[in-house]
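Coordinate inspection notes
Residue strings, one per chain:
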Amino acid sequence: MLHVLTLYSRQGCCLCEGLEQRLHALDLTALEPPLALQVVDIDAPGVEPGLKARYDLEVPVLALNSSPLPRVSPRLSGEGLFSWLQRVCANAAGSV
């Protein structure tokens, strides 16, 4: 079963764009549990106002199945980011 990893971000945010690029470079389906990436621009028309209010000053924010994950270091990339995702997602999925 695929779990949804959501990246709450906004256009023009260098941290958001960098994290999105690093996530797209990973094979998220190789994680346990496998993940599908969904990117939500909190400033886009039609986005729930509550999401913008919640994440406005916090982006980028990662969430697994709508539950926010701990903040990821902007320095992590490649294997480091993959390992971090494996650890936090396995812990989060185990507590669901």
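The following paragraphs examine the structure supplied in this document.

Cut-offs and rules
- Residues numbered from 1 in each chain as written.
- Predicted model: local features only at pLDDT ≥ 70, side-chain atom pairs only at ≥ 80, totals over all residues.
- Heavy atoms only, no water.
- Pairing = 2+ DSSP bridges.
- Helix = DSSP H or I, 4+ residues; strand = E, 2+ residues; numbered from the N terminus.
- Contact = heavy atoms within 4.5 Å.
- Axes fitted to C-alpha atoms, helices over the stretch in contact; angles between N-to-C directions.
- Buried < 20%, exposed > 50% of the residue type's maximum accessible area, 1.4 Å probe, protein only.

1. Concerning the sheet that holds strand S2 (residues 35-41)
What the four strands build is an open sheet, ordered S2-S1-S3-S4; its pairing is mixed. The sheet is open, and its two edges are formed by S2 and strand S4 (67-68), each paired on a single side. Across two bridges, the pairing between strand S3 (residues 61-64) and S4 is antiparallel. Counted as the bridge partner of Ala-63 is Pro-68 from S4. With respect to the sheet, helix H1 (residues 14-24) is in contact with strand S1 (3-9), S2 and S3, its orientation differing from that of S1 by roughly 155°.

2. Some remarks on the pairing of S3
Side-chain alternation along S3 places Val-61 and Ala-63 on one buried face and Leu-62 and Leu-64 on a second face that is also buried. Where S1 and S3 come together, four bridges link them in antiparallel fashion. Paired with Leu-7 across the bridge in S3 is Leu-62. Counted between consecutive antiparallel strands, the loop separating S3 from S4 contains two residues, among which Asn-65 sits at a positive phi close to 50°.

3. A word on the pairing of S2
For S1 and S2, the ladder comprises seven bridges, and the chain directions are parallel. Within S2, the residue paired with Thr-6 across the bridge is Gln-38.

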